[in-house]
Every structure is written in C-alpha cells, then in structure tokens.
Amino acid sequence: MTASSLCLVLSLSLSFARQAPTPAGESEPKSMFGQPLYVGAARIPDVEIQRYLCHGLGSKQVDLARFDVLIQQELDRRKAAGEDLSKYQIDEAEFQRGQERQKADFLLKYPTLDFNTEVSRALLSVDLYTVSARQAMLFDKLFFPENPTDWPELTRELVRQQGGQGFVDDAQQSYESRKKRQVEQNLPDIPPDDPIFTDTLRSWVLEALNNYSKQQTDPARLEPGVLMQVETTSIPIETVWQKIVPHVNENLVADAKRFLVLSELARADLSKRGLLLSREAWEAEFSKDKPFNEALNNSQMLSLQVMGLPSLEAFVQYSVLRDSFKKSIAEDLASDEKLNAEIAPTNLIAGVGKVDCEIILCSAFDWDRAVWKDNGWELARVHAEELKKMLDGGADWTQTLELHSEFWDPPMPEVGNKPQHGLFLKGKFGLKTRNELQQFMLENDFRSLLYGRTVTDRVFFDLPVGAISEPMKGPRGYYIARVSGRTPITKPLDLAVPIHRQIAETYHLKNNFERYAWKLMETAQAAGEIRGL
C-alpha cells in the first residue's frame, strides 16, 4: 500500500424507522442477516444493520466517498477560477508503474507472502487498494504537486501552521535533490520522498479538510437510506453496502445485531426514566471549544483503537447512552466509599500489575488466507476440548502449545527493519499488563460490552497461578490459558489525586454501564421480548 493510500485511508441513530410488526400467524422470510430483529413489538430494520456495517467494516469505503466529495469540490472551485483541469488527469502509465513498484517492494521484503491476500487483510480488497491509490494520486496532484513551489496557498499555509516554514523548506530541498537524481539516472519518474515525511504533510491537509467540512451521520437528521452527508452531497447506504457485502460474515452481523439491541434497550429505559440526552445536547457538550468534527476526529484513537468501537458513529451512540446513564450514578461517582469498593481491579490495570501467561488458540479463523474457516467455530471448539482432555491427562503444556496453538505471526521481512515487539509467538506472551494482553487477544471494551467478561479479564484477574483454564470462546476461536505468575501493582490509586480519581471514575462508569446493559438484555430475553438475535 502506498504512503498516500495509508494517509487517505482515515465515524446509528437510536431513532429507528419502525416497521409494523408481522401479524400473528405469519412469518417473515430470513435475510442474509438471519431472522428479522425485534425488540418487543418494534422491528429493527435490516437497513440499520447495513448502516452499522457500512460505518464499521466499510469505514475505508466511507472515507473514499467522503474525500471524493471534498476533492470534487476543490476541482469545481479551480474550474470556476479558470484553471485548466486537464493537468490533474491521472497518467495511467505512471500509475501502473507506481503500483508495480509497490508490489515489487512488498515481495522483496516478504517473498513467501501473497500480495493480494495481505492487501485484502489490511484493506478489505485489492479493488479498494487500487481505488484508494488512484484517489491518493489525484489528491497529491491537487494539494502536493512534486515541486513545492507549485503547492497551492492552502497547502503552504496549513504546513506552516502545523510545522513551520522549515517543513516547506525541507520539502523544497528534497524535491531538488530527487529531481537531480532522476535526471542523472534517467529515471521515468522522480524518486519518491521519505514516506514518513510526506504522510505527515498530507495528514495535516487531510485533517483540516475533514475537520472543517460540513458532515452529518445522524440518521435522524438524514433522509431515509442515506449513510452520511458531506457538504450538500448525500452518500447512500447502498453505495457503500454493495462494495462491502461480499466481506460481511456472521460474526460481524452478530456484533451489529447485539449492539443495536443493547442500544435500543438502553435508549428506551433511559428515556422512560427521563435520563436520555438528546444527540444534539451531547454533541454540544462534547465539542464545547471546537467544531464537532474536529472534536470527534480527535477522539479517533481513543474510540477505535483503545475502546475498540467499530466506528466513530458507534462511538457517538455509545457515548450518548453512557453519559445519559452517568446521571443515574452521579452520587456513586462522588463517593469515595463507592469508588473504593470497586477499585481493586482498577488498581491492577492502572497500577500496571502484570500476569505471566501462555495461551493456546484453537482458531476458527484461517490466518494465512485471512478468511474464516468453513465450520470453523465448531472445529475449534472440538479441538480445544480434545486438547484440554490431553492436558488433564498429563500432556506436556509446552509441547502441546508448540504443536497446536494457532496464533499467527507473518514472516520477518527479508530486507529492512525486523519488528522486535508485538509478536504472538504462538501464545507465549510472558509478563503482560492487562491492556497489553487485551491487545494480543484482539479484545477491547466494546467486546466486553457486547459479550460480557472477556478471555483477557478471565485470565488476568481470575485464573489461579499454575492452573490450566477450560476452553474459552473469544474473538478468533477457543482459548486455553495457563498462568505461571503475577507481579503486584507499582502504585495504587489515591482518590485525593485528581488524575487518579478521574481514572477510578472512568472505570467505575464503564463497568456499571456494562452491567446495566447486560441486565437489560437478560431481562428482555427472559421475557421473550427479543427475537432474531
């Protein structure tokens, strides 16, 4: 993937459009999402499942569509100013040479890997990679022509604001050096600049375009069937859906349906209790000092990487509900006694306690091909149960892990830097903090909200030293863990220290909101109010 593509590859309302329930005695046909989804008498339409998946699984397609609008706006502006737009046409020969160069560089580093498979693993499909690379080339022609002397004033101003004039000067010196090399070596194209440097420059311009454009993703403020609006252009759900539907699987659908049900249950309960914040009120509070888009984009790392939410739109919906619920436990959050009653696990996380563990994965996922195995979950369950019987019968743990664990690491690159960290090593994790182990297990707060206690937390908090766990279902299959030791926390939280109290309150709110959501789900399921989940 090109540096430009990486730079360009950069977020469900709870007011569902209700459909009349099916009359008694009649049945509705199954769709690709399984049985129709109901909470009580209210149908959650399939289009809301599509919306969730488009924002999550289809996030890169959404980004492409959004930036297509912004790029077209810029082209229209330049045409109105009298510019000849022919200079912005993509040179197909140049584009193909760039694609071939990227593939050759990849295969030089990873001769045993399949290029198309790894592109699809990172970007969903080769087609998306190609489209994003083409869009990146057009973006560069508009905002970053090779010679910085030709940069538009918008680019120069944004680079100066973020990095100072020195970044502009460095770009000019680099261009002159690379242009000289092209001439001396008779190269068809000017050699590329340092990718880290160019990615940094592009990110500043992209961020500004994204932050200050008018965007709307709240379905309550959109026309039916519209996924988002960028300025005055509507992006239909169907446009993104048709691109991602071949990649939708039952696991993603299960996540979507569970999130929608939990959200609807919480919305209805909080509304009944007079606690539900309007989305408009939440947005105003969330973005007091800056435009909402900018505030939301600044939360991207927290929401997507730390919390594990599938999209910024899901983050907004989750946050509206969590912050509405927060009002119901305001007294608890202000009470040292209440916070201290649940502070022990928070201390282990924030105080950097560690667990020394190894974990065997019986995988439902084919890591080499980056696809789910046929009947993979059942095969993984059976395999895990067989391994547990072997271990209970005296089989050697280390040998069993080496032979059977399916954690996967890609081969080391043949050239260039070799990664020293972040390797799965078949599950031989060693000493890890809770958050480090959670990353290796591909788990997060969002999965905990949807499915309850994670494999990570069962291992980190509960599994006795020396014990071998029962098989546990997790994100990629079934897991068997053994803990060989733990290290104590380095420093407990002190509620008198403001930052410590903030951490304690954050975890208290998260944990109590999860328990609240699970209780709503359990009660509704026991009453037969949920169908199609």
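The shown structure was predicted, so the numbers you read here are calculated from the model rather than taken from an experiment.

## Side note on the pairing of strand β5 (residues 233-236)
Here is step 1: Judged from the 4 bridges that link them, strand β4 (residues 226-230) and β5 form a sheet pairing that is antiparallel. For V230, the partnering residue across the bridge sits in β5 and is T233.
Here is step 2: Between β4 and β5, which pair antiparallel and follow one another directly, the connecting turn spans 2 residues, one of which, E231, has a positive phi of 55 degrees.

## Brief notes about the packing of helix α7 (residues 153-163) against helix α8 (residues 165-184)
Here is step 1: Interhelical geometry of α7 versus α8 gives an angle of 120 degrees and a closest axis separation of 6 Å. Looking at the two axes, α7 sits oblique to α8. Between α7 and α8, the contacting residues are R156, V159, R160 and G163 on the first element and Q165, F167 and V168 on the second.

## Side note on the side chain of N147
Here is step 1: Along the chain, the position of N147 falls in the loop between α6 (126-143) and α7.
Here is step 2: Judged by relative accessible area, N147 falls into the buried class, the value being 18%.
Here is step 3: Those residues within four positions of N147 in sequence are excluded, and the remaining contacts are Q172 and Y175.

## Some words on the nonpolar core
The tendency in soluble globular proteins is for nonpolar side chains to be buried side by side.
Here is step 1: Among the nonpolar cores identified, the biggest contains 84 residues, and L53, F144, V261 and L265 are the most heavily contacted of them.
Here is step 2: Among the elements that take part in this core, helix α11 (residues 250-272) stands out by supplying 9 residues, more than any other.
Here is step 3: Not counting the four nearest positions on each side in its chain, L265 is found in contact with V39, L520, M521, A524 and I530.
Here is step 4: Core analysis: the second largest hydrophobic core is formed by 21 residues, C357, F424, Y479 and V483 among them.

## Re the sheet that holds strand β12 (residues 530-531)
Here is step 1: Pairing is antiparallel across the open sheet formed by 3 strands, whose spatial order is β2-β1-β12. Edge positions in the open sheet fall to β2 (42-44) and β12, since each of these has one partner strand only.
Here is step 2: Relative to β2, strand β1 (residues 37-39) runs antiparallel, the two sharing 3 bridges. The residue of β2 that forms the bridge with Y38 is R43.

What counts as what
- Residues numbered from 1 in each chain as written.
- Predicted model: local features only at pLDDT ≥ 70, side-chain atom pairs only at ≥ 80, totals over all residues.
- Heavy atoms only, no water.
- Pairing = 2+ DSSP bridges.
- Helix = DSSP H or I, 4+ residues; strand = E, 2+ residues; numbered from the N terminus.
- Axes fitted to C-alpha atoms, helices over the stretch in contact; angles between N-to-C directions.
- Parallel < 35°, antiparallel > 145°, perpendicular 65-115°, else oblique.
- Contact = heavy atoms within 4.5 Å.
- Buried < 20%, exposed > 50% of the residue type's maximum accessible area, 1.4 Å probe, protein only.
- Core = buried A, V, L, I, M, F, W, Y, C linked by side-chain atoms within 4.5 Å.

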